[in-house]
Amino acid sequence: SKGNKIVRIDGDTLQTTAFEASAISQFYGLAMDANGEPWIGGCEGALYHLNLTTGQIETADTTEGCLRGLQIDREGRGWVAANDPCRLVEFDVDSGAITNSSIALPSCETPVGVSIDVEGFVWVVDKDANKAFKVDPDTHTIAAEVGGLVSPYTYSDMTGAGLRLVTTP
């Protein structure tokens, strides 16, 4: 994604197709669901979805603040790092609805990226708090905090779970 466009590149022909959403000022994070459809975080509090059937970028749901890096797990739940206020957001891929807009990350400052580990836990990196949070996806409790990091910055698929979701759904 770039600005308010998503460009799809055919891996065989290298032909490109651009999808544009003129009403959107800026995309941030990007993740693919098990059907190969992109989900995008926006810094105006909106969650977007590129519907490949219609070719339209749709607003799935909205909340406050800036939605940044995101990831989708094998259960069809999406997870988004959010700022202003600082938190983790959960959404449902089937409906596009935000199911929890305020999962607490104690003493967080600027979470930027999310990934899913091999056990299904949600990891959120916080660049200004210099830490990562491990969140239980079912209870939304903090399973662990890893401190001592230096401005960690990743958007989403730091574990490879996103790639596995699309290649072996």
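The structure under discussion appears in the preceding block.
For the structure given in this document, a descriptive report is provided here. (Residues numbered from 1 in each chain as written. Predicted model: local features only at pLDDT ≥ 70, side-chain atom pairs only at ≥ 80, totals over all residues. Heavy atoms only, no water.)

Description of the overall build of the protein
Counting its regular elements, the protein contains 1 helix and 14 strands. Since a compact globule built from 169 residues should have a radius of gyration of about 15 Å, the 15 Å found for the protein is in line with a globular shape. Taking the principal axes of the C-alpha coordinates as reference, the protein spans close to 45 × 35 × 30 Å. A total of 169 residues make up the protein; the buried ones form 49% of that total. Contacts in the protein between residues at least 24 apart in sequence constitute 38% of all its contacts with a sequence separation of at least 6. In the structure as shown, the protein presents an accessible area of about 8200 Å², 48% of it carried by carbon and sulfur atoms. Positive and negative side-chain charges in the protein, numbering 11 and 24 respectively, have mean positions lying 6 Å apart. (Helix = DSSP H or I, 4+ residues; strand = E, 2+ residues; numbered from the N terminus. Rg over C-alpha atoms; globule rule 2.2 N^0.38 Å. Buried < 20%, exposed > 50% of the residue type's maximum accessible area, 1.4 Å probe, protein only. Contact = heavy atoms within 4.5 Å. Areas by Shrake-Rupley, 256 points an atom, 1.4 Å probe, with all protein chains shown as cover. Lys, Arg positive; Asp, Glu negative; His and termini not counted. Charge placed at Lys NZ, Arg CZ, Asp CG, Glu CD.)

Focus: the state of the cysteines
Enumeration over the complete set of coordinates arrives at 2 disulfides. What pairs with Cys43 in a disulfide is Cys66, and their sulfur atoms sit 2.2 Å apart. In this pair, Cys43 is assigned in the loop between β4 (38–42) and β5 (46–51) and Cys66 in strand β7 (residues 66–72), connecting sequence segments 23 residues apart. A residue is classified by how much of its surface remains accessible, and Cys43, at 33% relative accessible area, is partly exposed. Given a relative accessible area of 9%, Cys66 falls into the buried group. The side chain of Cys86 participates in a disulfide bridge whose partner is Cys108; the two sulfur atoms lie 1.7 Å from each other. Residue Cys86 is located in the loop between β8 (77–83) and β9 (87–92), and its partner Cys108 is located in the loop between β10 (98–103) and β11 (111–116); the two are separated by 22 residues in the primary sequence. Accessibility expressed as a relative area gives 21% for Cys86, which makes it partly exposed. Shown here for the protein is a disulfide pattern of 1-2, 3-4, where each number marks a bonded cysteine counted in sequence order. (Disulfide = S-S within 2.5 Å.)

Re the sheet that holds β5
Strand-to-strand pairing in sheets goes through backbone hydrogen bonds, with the strands running parallel or antiparallel. Spatially, β3-β4-β5-β6 is the arrangement adopted by the 4 strands of the open sheet, whose pairing is antiparallel. Sheet topology places β3 (27–32) and β6 (56–62) at the edges, where each strand pairs with a single neighbour. Shown here is a sheet whose adjacent strand axes are inclined to one another by a mean of 25 degrees, direction ignored. Pairing of β4 with β5, which is carried by 3 bridges, proceeds in the antiparallel orientation. Within β5, the position partnered with Trp39 by the bridge is His49. (Pairing = 2+ DSSP bridges. Axes fitted to C-alpha atoms, helices over the stretch in contact; angles between N-to-C directions.)

Overview of the sheet that holds β11
On the basis of which strands lie adjacent, the open sheet formed by 4 strands has the order β11-β12-β13-β14 and antiparallel pairing. Here the strands that pair on one side only, and so sit at the sheet edges, are β11 and β14 (142–146). Averaged over all pairs of adjacent strands, the angle between strand axes in this sheet comes to 20 degrees, irrespective of strand direction. Taken together, the 5 bridges between strand β12 (residues 122–126) and strand β13 (residues 131–135) define a ladder with antiparallel strand orientation.

Quick notes on unusual backbone geometry
Note the cis peptide between Asp84 and Pro85, where omega equals 5 degrees. Along the polypeptide, Pro85 turns up in the loop between β8 and β9. Here Asp84 lies in the loop between β8 and β9. Despite not being glycine, His140 shows a phi value in the positive range, around 65 degrees. Structurally, His140 can be placed in the loop between β13 and β14.

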